[in-house]
Amino acid sequence: MIERSDTSETLSLSQVTNIEKPEYSEHDKALWLDACYKIEEAGYGATVSQAFAINSSDILQRLGLDSVLKLADMVSLAAIKADKKTAERLSIECLKITIRFENDTSLANTWLTLMEQVIKLAPESAFLVLNRMDYLLYHLSLSHLEGWLLTGLRAGASDPKKRFSYFSFEDSQAQKWLEHAAGSMSFSDISRETKAYLGALWNIHLPVREKHIHASGERVRRSGFGLGLITVPSSFPGYQGDIAHQLYRAALAHIGAHITYSGTSFSVDQLKPLQIALISLIEDARVEHLAIQDFPGLQDLWKPFHIAKARGAQTANQLFVRLARALADPNYDDTNPWVCKAKQLFYDHKDEWNDSFISRKIGGLLANDLGQMRIQFNAKTYVVDPPYRDDNMGLWDVEDQDTSESTQADELLSNVDIDEMDNSEPDTREETNEIDENNATPISLVEEDGIPVARYHEYDYMTEQSRPEWTTIVEHSPILGPVHLIDDILQKQAYMVNRIKSLMSSTKISQPQKVRRQLEGEFLDIDACITATISRRSGEEVDARVYARSERKHRDLSIQVLIDVSESTNDKVVDSNECVLEIERQATALLAHAISGLGDPFAIGAFSSNKRDDVHYYRIKDFHKPYDHLAKARLAGLQASGSTRMGAAIRHAAQDLKKQHNHRRLLLVVTDGEPADIDVSDPHYLIEDARRAIHELAMDGINVLCVGLDSGVSHDLTRIFGKRNLVMIDSLERFPEKLPSLYFRLTT
């Protein structure tokens with residue numbers, strides 16, 4: 001292959017076509033030459049036409065004429081939509097891909113199709129993708145590359161700056177998705193298991209969240225704890241399969257040891273970064289030994305990650321790794337005098353391991369020795385090793401320090417992302433204090449027009465994968481409307497209120513209970529049959545009550561109503577003068593009044609959206625709050641705006657429902673149409689995500705039903721909810737008519 005960088009001269013097309021070429025038919029050669037001349041005559045520049053002519057001749061032999069002609073079209077497309085260097089690079093990379101996938105030409109053609117999508121949808125980023133192709137294919141298979149590219153295209157949507165930031169890796173999300181696509185185990189894959197493991201081992205039930213994606217410095221690569229929260233990396237790059245699984249377990253077991261044995265936080269005082277790092281390292285070893293005394297099996301969990309060797313340059317980081325192994329493994333021998341002295345000091349004070357002060361004492365002495373040895377230590381690039389150990393920030397009390405003092409310890413602590421510490425703290429508002437960390441990542445950044453409270457994954461049907469932390473829920477304070485608006489609805493619809501309440505009260509939704517020893521029933525009562533048989537054989541009078549039946553004797557149901565308040569709910573209902581939102585408000589008011597009278601726990605929420613980073617959520621009524629004047633005022637004040645990102649709203653509404661311990665838990669979605677948002681062009685994307693969200697909730701034992709308001713707009717609600725779980729109404733009068741069918745489905 002001849003590239004432009006291989007020669008300082010620009011070859012003419014006639015010179016290129018005289019270069020010795022592989023054998024192919026005269027017909028194919030003629031069409032190939034025709035494509036070469038067209039590109040040359042198009043005026044894209046000599047470098048573009050030369051790159052195509054040189055590289056496509058080999059591609060013609062390997063892939064065939066159709067692929068070459070497709071490449072020619074793509075070169076023209078790249079030159080027009082992107083620039084000349086992108087068009088030139090495309091030909092070069094195409095030949096490299098052809099050689100890479102020489103044994104499977106279909107993969108090379110698939111690559112061409114992928115690049116065509118990138119050039120069409122993200123022309124400003126096409127060169128970045130082509131320029132990094134070797135790096136991308138080193139980490140990703142072609143199918144995984146497709147997933148990573150689609151993630152970037154969806155993330156940027158119609159914003160070229162966002163796309164450029166992603167494909168240039170300026171956006172830290174890009175590396176995260178790369179690792180995710182490469183198959184590195186993600187914490188979200190095992191979050192439930194690790195949470196249970198932490199609780200079983202240490203009886204610790206703190207929320208466990210992924211590290212904030214924008215955490216600064218190297219701390220994003222290590223776990224952490226503090227502020228009533230445990231944080232872990234979204235993945236450990238380079239660790240896959242069972243090893244990654246064990247690493248997450250080791251990390252949580254280590255943090256549990258700190259929480260159990262470390263006691264009060266250390267004071268920073270005037271300590272230097274080197275002293276802080278060494279005291280933390282000794283404390284790591286101390287709590288691990290105490291933990292192993294109680295749970296000997298933990299040694300087998302932690303020991304495999306200590307792989308330091310007694311050799312290498314005597315840098316601070318290298319000595320720290322060797323010391324960590326020396327303190328964790330009594331059988332490890334090191335030739336370095338400082339490491340040997342540290343190990344001797346640590347084990348000589350074995351009787352004092354129960355007091356955390358010994359860590360400060362030994363760490364201080366060892367730091368002084370390193371200082372005298374003139375060993376340099378860079379706090380900003382220091383990463384705790386082995387990887388299961390935490391960033392140690394949870395050991396130190398930094399709140400009471402005088403911020404005006406310019407101590408060297410501040411240099412180390414400058415690596416702490418203050419925003420991340422704030423964001424890691426669970427939201428102190430009662431409503432969102434316990435969002436399920438298995439499905440949501442909480443945030444507490446306060447914005448003027450709302451509070452982001454959680455991030456949720458979103459499913460992409462094209463890649464058949466979920467993207468962690470893809471959508472952000474922003475909770476807004478509902479606008480208060482006139483309470484009399486709701487009271488007027490109840491007064492005008494008094495007959496309907498009574499009818500709905502009667503229908504609901506007559507339906508028993510609970511765990512069926514067996515009523516035994518009946519004269520008639522659905523099945524035999526085995527115990528009664530045995531007793532009757534014994535009586536008959538012993539000549540006693542036989543009790544004929546040998547049947548049993550199942551009865552639902554009470555109500556055991558919790559309901560979360562989720563109202564769609566997107567802009568489309570301003571549309572009129574078919575054959576009515578009322579808009580969709582007004583019908584939704586009336587139906588919800590009737591339902592809420594009836595449920596409140598029956599005493600069933602229920603909540604009401606509303607949603608709309610403005611792209612994936614701003615899914616609006618309004619809390620009208622929470623489960624533990626009464627249905628009072630405030631709740632009615634919030635319901636009366638609902639206004640329609642924005643789009644309909646239904647999947648994210650369903651996942652968020654379900655978090656409160658999951659905490660209810662009823663036999664049946666129902667999420668009732670009231671909407672006028674299918675999901676959509678302004679940053680999504682694929683009409684099937686949000687439909688499949690909402691459908692996936694409902695399937696996820698079914699695994700948690702939550703029923704999702706939908707009341708669809710017919711506004712005359714085409715929709716695909718049946719695809720999302722299923723025909724059995726959807727009822728369509730075009731007027732309020734039909735709501736009581738349809739309500740029994742919903743309740744019947746909950747009892748079958």
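Throughout what follows, the structure given in this document is the object of discussion. Values in this document were obtained by computation on a predicted structure and should not be read as measured data.

How each quantity is defined
- Residues numbered from 1 in each chain as written.
- Predicted model: local features only at pLDDT ≥ 70, side-chain atom pairs only at ≥ 80, totals over all residues.
- Heavy atoms only, no water.
- Helix = DSSP H or I, 4+ residues; strand = E, 2+ residues; numbered from the N terminus.
- Buried < 20%, exposed > 50% of the residue type's maximum accessible area, 1.4 Å probe, protein only.
- Contact = heavy atoms within 4.5 Å.
- Areas by Shrake-Rupley, 256 points an atom, 1.4 Å probe, with all protein chains shown as cover.
- Lys, Arg positive; Asp, Glu negative; His and termini not counted.
- Salt bridge = Lys/Arg side-chain N within 4 Å of Asp/Glu carboxyl O.
- Polar contact = N/O pair within 3.5 Å; in protein donor to acceptor, adjacent residues only side chain to side chain.
- Pairing = 2+ DSSP bridges.
- Phe/Tyr/Trp six-rings, centres within 6.5 Å; stacked < 30°, edge-to-face > 60°.
- Axes fitted to C-alpha atoms, helices over the stretch in contact; angles between N-to-C directions.

## Some thoughts on the overall build of the chain
In terms of regular secondary structure, the chain is built from 29 helices and 17 strands. When burial is assessed residue by residue, the chain has 54% of its 748 residues classed as buried. For the chain, the proportion of contacts with a sequence separation of at least 24, taken over those separated by at least 6, is 71%. For the chain, the accessible area works out to roughly 33,600 Å², and carbon and sulfur atoms hold 48% of it.

## As for the side chain of Lys 621
In this structure, Lys 621 sits in strand E14 (residues 615-621). Comment: no salt bridge for buried Lys 621; closest opposite-charge side chain is Asp 622, at 7.7 Å. Within the local environment of Lys 621, its side chain forms a polar contact with the backbone oxygen of Phe 602, the two atoms lying 2.7 Å apart. Among residues more than four places away in sequence, those in contact with Lys 621 are Phe 602, Ala 603, Ile 604, Pro 626, Tyr 627 and Ala 631.

## A short note on the sheet that holds strand E9 (residues 513-518)
What the three strands build is an open sheet, ordered E9-E11-E10; its pairing is antiparallel. Looking at strand neighbours, the two that pair on one side only are E9 and strand E10 (523-524), the edges of this open sheet. Of the strand pairs in this sheet, E9 and strand E11 (residues 547-551) are connected by four bridges, and their pairing is antiparallel. Counterpart to Gln 518 in the pairing with E11 is Tyr 547.

## Some words on the packing of aromatic side chains
The geometry of an aromatic ring pair is captured by two quantities: the separation of the ring centres and the angle between the planes. Summed over the entire model, instances satisfying the criterion amount to 17 aromatic pairs. On the numbers, 6.0 Å between centres and 85° between planes, the contact of Tyr 135 with Phe 169 is edge-to-face. With Tyr 135 in helix H8 (residues 133-139) and Phe 169 in the loop between helix H10 (160-167) and helix H11 (172-181), this pair connects stretches of sequence that are 34 residues apart. We classify Tyr 135 as partly exposed; its relative accessible area is 32%. The interplanar angle of 35° and the centroid separation of 5.1 Å between the aromatic rings of Trp 148 and Tyr 166 together place this pair among those described as tilted.

## Some remarks on the sheet that holds strand E3 (residues 229-232)
Here three strands make up an open sheet; going across it, the order is E1-E3-E2 and the pairing mixed. Because the sheet does not close on itself, it has two edges, and the strands there are strand E1 (208-210) and strand E2 (224-226). Put simply, the sheet's adjacent strands are angled 25° from each other on average, direction ignored. Taken together, the three bridges between E1 and E3 define a ladder with parallel strand orientation. Looking at E3, one finds that Arg 209 is bridged to Thr 231.

## Some details on the pairing of E11
With two bridges connecting them, E10 and E11 associate as antiparallel partners. If you follow Phe 523 over to E11, its bridge partner there is Ala 548.

## Overview of the pattern of salt bridges
With the rule as written, the count across this model stands at 36 salt bridges. Ionic pairing is found between Asp 613 and Arg 612, a salt bridge with its closest N-O pair at 3.8 Å. For Asp 613, a relative accessible area of 36% translates into the label partly exposed. According to the relative accessible area criterion, Arg 612 is buried, its value standing at 11%. Salt bridges sharing partners connect three or more residues here, namely Glu 475, Arg 619, Asp 622, Asp 656 and Lys 659.

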